[in-house]
Structure formats: C-alpha cells, structure tokens
Amino acid sequence: MPILSKENIKRAYYYMKRNGLVNTYNAAKEEIMEGRKAPYEPYVLSEDEKERQRRWAVLNDSIKFSIVVPAYNTPKYFLKELLSSVLNQTYHNFQLVIADASEDNTVKRELDFYLKSLPPEKHVERVHYMHLTKNVGIAENTNEGILEAEGDYIGLLDHDDMLTEDALYEMARAIYAGKYEDENGGSDKLFSRTNIVHGRPKMVFSDEDKCNENGTVFSEPHYKLDFNPDYILSNNYVCHFTVVEADLLKRLLLRAEYDGAQDFDLVLRVWMADDRPIVHIPKVLYHWRCHSNSTAGNPQSKAYAYEAGRRAVQAAVDSMGWDAEAVGNRHLGFYRVDYKSDPFKFRDNLGAIGGRVLKGSKSGKIIGGAMDGDGAGYYFGMPAAYSGYMHRALQTQNVEALDLRCLRLRKELWPLFEEVTGFAYIDTLATGRSDSDVVINQWDRIFDYRTLPKDCDIPCLSYDLSEAIIAAGYTLLYQPEWETVWKK
C-alpha cells in the first residue's frame, strides 16, 4: 500500500487525535522504515509436500475437526474461496458448519451451485449448512454453529477469510504430539521452551497474514509468540487460526455482551479454564482478508470492538481477583493492566517485575530490559519512541530474563538474589531521586543497581538471577513503561 494512500492518511489522522503529533511522527517514521524491508511472499506447498501430508492423514485421522463459519450476506467470490480453502485441506477428517443468518437464500443458492460443480473426491457431504431463523449477532450466530459441531476440536473461520491447505494437518500433528515439532528437525526463533508441553492441548493457534480483497496479494505476516499469559492481557494476538477442544468450547461458548471482541473474550476464558496446555504453531495457516468493511482493512470500522476488548480484559482480571484496571493504550486493540495495589500481594507466582534500560536519556535507544533464555535482548537497539514489531515492544509480557538495572523483586526472593549474585538486595525509591534516573508510575521501590561494583557483569548476573527465579517456580513480568536511564 502506498505511504500516502487514502487509507494511511485516515489512519494517521485518527492516530494523531488519540496520541498527539510527536507520537504520530515517530509511528510514521517507524512504519516507513518497516516498509523498506523485502516484500512478503507466503509459503506455497509443493505437490510432494501435499501428497506426504495426505499419506500421513490416512494413518492419523482419529481427530475430527469442525470448522464453524458464521455467514451473513457473504459475497459470492468470498464464499467460493473460503469453501475451496477448506475442501482442499490435506487432512481430510473434518466438518464444515456454515451458520447463515442472511435474510434470503442467496448464500444457500451459491453454496449449492458451487458444491454441485465439484468432483466426488472433494467429499461435499462434509459441508453442513444451517439457516438461522434470525440474525442475533456474531456471538450467538456462531454459537448456533458450535452447538451443531461434531468434531473433537472446533475452529472458527470468518466468512471472508481463507485457510492454507495444510492448516488442519498442522493442527492434527500438534494435537497428537502435545506440542509443535519442526518436521525438518530445525528450530524456529519463536519456538521457545514455553511451547514444549505434553498431553492433549485444550487450544492450538497458528500465525497468520493478511490478503487484499481479491486474495491475490499477501502482506503483514504475524509471527506470534508462544502463549504468553500477561501478553494475552494486552491484545488478542492469538486470533487466527485457532482450534479449541470441543467440550470446553461448547461449555464456554461466545458471549454476546462482547460482540466485536467475542473471540478475545473466549481466548481469555479458555486460558483460565484449566491447566491443560496451549500450543502455538509458528507457521502462517490463515489469510485474513482486508476490505473496506473488515477490521483488518479499516480499524475505525469497528471502534466498538476495542471497548469490548477492554471489557474482556477487565473481566479476566476481575475473575482472577487482581486489584487492577484494564485501560487502552496508544494503539487500537491494545491494553494495559494498571495495578491499583502491589501485584505481589495477589499474584503469588510473580517473582519479579522489570522494565527497560535506555542509553543516555529518555529518548535514547533500548540497551537493556527483556531477554530470552539465551540472554539475548528482545528490543535492544530500538529507539525508545518506537513500538516494535506488532507493537510488541510496548506491551506487558512474560519473559525469560530481566535486567537488574530496572528490577523489583518480591521480598521472599531477596535471599535468592544474594545467593545468586553474591550481593545483598538493596532497594531504593524509584521516584523523587535526585538524579532522576528512574521513572516508574506505580511502585516506589526497586533494586538499587548503583550498589553493584562497577566492574560486575550485569547481563550475566541478570540472566543467572532470572533463571534461578524461574527454577523456583515464579514468573517474570516485563513492563516497558518502567524505565531506567543508563548514563555510564
């Protein structure tokens, strides 16, 4: 899309109204830099790969999937592409449920016409059409289809979107294994130890991308994190393609009071339902179509959905007994959990809270903060004003390591700190300090890194401490609004 397109100008206008001129300038600058990267091309399965997947499916077909599509006045072209994407799956044990809330029989007529044109091997009997007596909203319409589903797992597909041909194959493999496994024995940079789980998962989700209205140009691939509890409270990054264990989904259903964010509310409740694993497949398996009426193409078209999303986060926070408030942040569809009191008091498994470290000034680049299990920084080198890939650098999330220079540790772990680092944990006021190195909005005490010897290896100590905290059964929380300015 051209930088000065009508759509981008409209987006910039609404963004400036919410966030001011400076933030809009920085966001535009970052987007221009992103636009200079190589164009995205979706992976296309070879015929050999398709045949291999079909052979595997013949031997491993005990899991049945139901794909539920809530339809409403679906354009003929969209319907045909959706049907083709489902009926061409390399994994064949599935049912397609179309819950049609259209006032007339146009969708049914087009559906019958298309299915009659297909050869017998496409197994059109897998398609189950139901005409709803009335249109009662996206959540309740979808629930009608969910209750008709016969599968072991149920996936939701919007009536104008498409699946990749290997979507159900990859879902089946992950469910059988209880985790995602790379077929080629390689590793993926987004495949972390948090994704290695055992037992049949309650939910599996994949990466996704977007396509134009004609389904000919693909863009904006969303390569997702493995399931991350605190990050899911900031936005519905799980989104598409997702399948949920059928009994659980039929018990929870979608809630009409969250129409517009009903899928986000569902993901939050699935997460909190029990301790069974959630698996992420780091492959694009879903094409989200962008057009003038879709949220993907025009975020302003469903502004009510973002408020519904905020309420869904608030409901999740309340159900967990947290003393906190869900508020929107500068990007539509993204949220922040503001704690009204000390989270250590009601989050028993929370070991430490950390923020980011900036070089030289509050507008400097990020040189410390969130790190992965190998000690590599997540957002190091990024200007403080930027929001990063999918705005991830601005979102609260669970991480594998935190930087000592901007860290608050629960008091029960102070002895562990001394055991690991060899130094006493000494805290200090985070606000009102004479050197104004630290800016933290909510809490007034953090570890005083100035008490460490000047020649100590801070990255190594940070990683060792973080590893010990996780080994003790605690989680680490990264809050990027916490900042330390490193002037050395």
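Residues numbered from 1 in each chain as written. Predicted model: local features only at pLDDT ≥ 70, side-chain atom pairs only at ≥ 80, totals over all residues. Heavy atoms only, no water.

Participant: Pulling in residues and values, what's your account of the overall build of the protein?
Facilitator: Across its full length, the protein holds twelve helices and 21 strands. Going through the 488 residues of the protein one by one, you find that 52% of them count as buried. If you sum the accessible surface of the protein, you get close to 22,500 Å²; carbon and sulfur atoms cover 52% of it. (Helix = DSSP H or I, 4+ residues; strand = E, 2+ residues; numbered from the N terminus. Buried < 20%, exposed > 50% of the residue type's maximum accessible area, 1.4 Å probe, protein only. Areas by Shrake-Rupley, 256 points an atom, 1.4 Å probe, with all protein chains shown as cover.)

Participant: Can you break down the packing of aromatic side chains residue by residue, with the values?
Facilitator: What the rule picks out here adds up to 19 aromatic pairs. Ring plane angle 25° and centroid distance 6.3 Å describe the contact between tyrosine 379 and tyrosine 478, whose orientation is recorded as stacked. Taken as a pair, tyrosine 379 in the loop between strand S14 (370-371) and strand S15 (397-399) and tyrosine 478 in strand S21 (residues 475-486) lie far apart in primary sequence, 99 residues in all. Taking the relative accessible area as the measure of exposure, tyrosine 379 reaches 9% and is therefore buried. Here tyrosine 478 falls in the buried class, since its relative accessible area comes to 1%. A ring pair is formed by phenylalanine 417 and tyrosine 425, whose centres lie 5.1 Å apart and whose planes are at 90°; its orientation type is edge-to-face. (Phe/Tyr/Trp six-rings, centres within 6.5 Å; stacked < 30°, edge-to-face > 60°.)

Participant: Provide a residue-level description of the environment of alanine 385, including the pertinent values.
Facilitator: Mapped onto the elements of the fold, alanine 385 is located in the loop between S14 and S15. Assessed through its relative accessible area of 33%, alanine 385 is described here as partly exposed. In this structure, the C-alpha to C-alpha distance between alanine 385 and lysine 362, residues 23 residues apart in sequence, is 9.1 Å.

Participant: Got a sec to walk through the pattern of salt bridges? Specific residues and values, please.
Facilitator: All chains considered together, the criterion is met by 24 salt bridges. Here lysine 50 makes a salt bridge to glutamate 47, at a shortest N to O gap of 3.3 Å. Placement of both lysine 50 and glutamate 47 in helix H2 (residues 47-59) is noted, with a separation of three residues, approximately one turn of the helix. Ionic pairing is found between aspartate 448 and arginine 450, a salt bridge with its closest N-O pair at 2.8 Å. Salt bridges here are not isolated pairs; linked through shared partners, they connect Lys202, Glu245, Asp274 and Arg276. (Salt bridge = Lys/Arg side-chain N within 4 Å of Asp/Glu carboxyl O.)

Participant: Describe the confidence of the model for the protein, listing the residues and the values that go with them.
Facilitator: On average, residues of the protein score 87 in pLDDT, and 84% of them are at 70 or above. Note that pLDDT drops below 50 for residues 185-197; the model gives that stretch 24 contacts with residues more than four away or on any other chain. Contacts from residues 431-442, a stretch scored under 50 in pLDDT, to residues over four places away or in other chains number 30 contacts. (pLDDT = per-residue confidence, 0-100. Contact = heavy atoms within 4.5 Å.)

Participant: If you had to explain the nonpolar core to someone new, which residues and values would you point to?
Facilitator: Counting 86 residues, the largest nonpolar core has Phe227, Ile232, Leu268 and Val313 as its most contacted members. Setting aside residues up to four positions removed in sequence, leucine 268 forms contacts with Ile232, Leu233, Ala312, Val313 and Ala316. By size, the runner-up hydrophobic cluster in this structure holds 40 residues, among which are Val69, Leu96, Leu157 and Leu168. (Core = buried A, V, L, I, M, F, W, Y, C linked by side-chain atoms within 4.5 Å.)

Participant: Please set out the side chain of asparagine 143 residue by residue, giving values where relevant.
Facilitator: With respect to the element layout, asparagine 143 can be found in helix H5 (residues 138-148). A residue is classified by how much of its surface remains accessible, and asparagine 143, at 4% relative accessible area, is buried. Apart from residues no more than four positions distant in its own chain, asparagine 143 is found in contact with Leu253 and Leu254.

Participant: A description of the packing of helix H9 (residues 262-273) against helix H10 (residues 303-319) should follow, citing residues and the corresponding values.
Facilitator: At a minimum axis distance of 9 Å, the contact between H9 and H10 shows a crossing angle of 15°. By the angle class used here, H9 and H10 are roughly parallel. As H9 packs across H10, the resulting crossing turns out to be right-handed. For the pair H9 and H10, contact is made by Phe264, Asp265, Leu268 and Met272 and by Gly309, Ala312, Val313, Ala316 and Ser319, respectively. In terms of residue class, the contact of H9 with H10 is built from six nonpolar, two polar and one charged. (Axes fitted to C-alpha atoms, helices over the stretch in contact; angles between N-to-C directions. Parallel < 35°, antiparallel > 145°, perpendicular 65-115°, else oblique. Left-handed = near helix turned anticlockwise from the far one by under 90°. Nonpolar A, V, L, I, M, F, W, Y, C, P; charged D, E, K, R; others polar.)

Participant: Break down the side chain of glutamine 397 for me, with residues and values.
Facilitator: Topologically, glutamine 397 is positioned in strand S15. Of the residues examined, glutamine 397 reaches a relative accessible area of 1% and is grouped as buried. A polar contact of 3.0 Å, which involves the side chain of glutamine 397, links it to the backbone oxygen of arginine 392. For glutamine 397, the residues in contact, after removing those within four places along its chain, are Leu225, Asn228, Asp230, Tyr231, Tyr378, Tyr379, Arg392, Leu476, Leu477 and Tyr478. (Polar contact = N/O pair within 3.5 Å; in protein donor to acceptor, adjacent residues only side chain to side chain.)

Participant: Explain the pairing of strand S11 (residues 335-339) to me, using residue names and the numbers behind them.
Facilitator: Burial along S11 is one-sided: Tyr335, Val337 and Tyr339 are buried, while Arg336 and Asp338, pointing the other way, are not. Relative to S11, strand S10 (residues 324-328) is paired through five bridges, and the arrangement is antiparallel. Note on S11: the bridge partner recorded for glutamate 325 is aspartate 338. (Pairing = 2+ DSSP bridges.)

Participant: Requested: an account of H2, with residues and values cited.
Facilitator: For H2, spanning 13 residues, the distance from its first C-alpha to its last is 19 Å, which sits close to the expected 18 Å at 1.5 Å a residue. Among the residues of H2, Glu49, Lys50, Gln53 and Ala57 are the ones counted as buried. Around the axis of H2, the buried residues are gathered within 100° of arc, so they sit on the same side. Residues of H2 that are exposed and point over 90 degrees away from its buried face: Glu47, Asp48, Val58 and Leu59. Packing partners of the buried residues in H2 comprise helix H6 (167-177). (Expected span 1.5 Å × (residues − 1). Arc of directions from axis to C-beta.)

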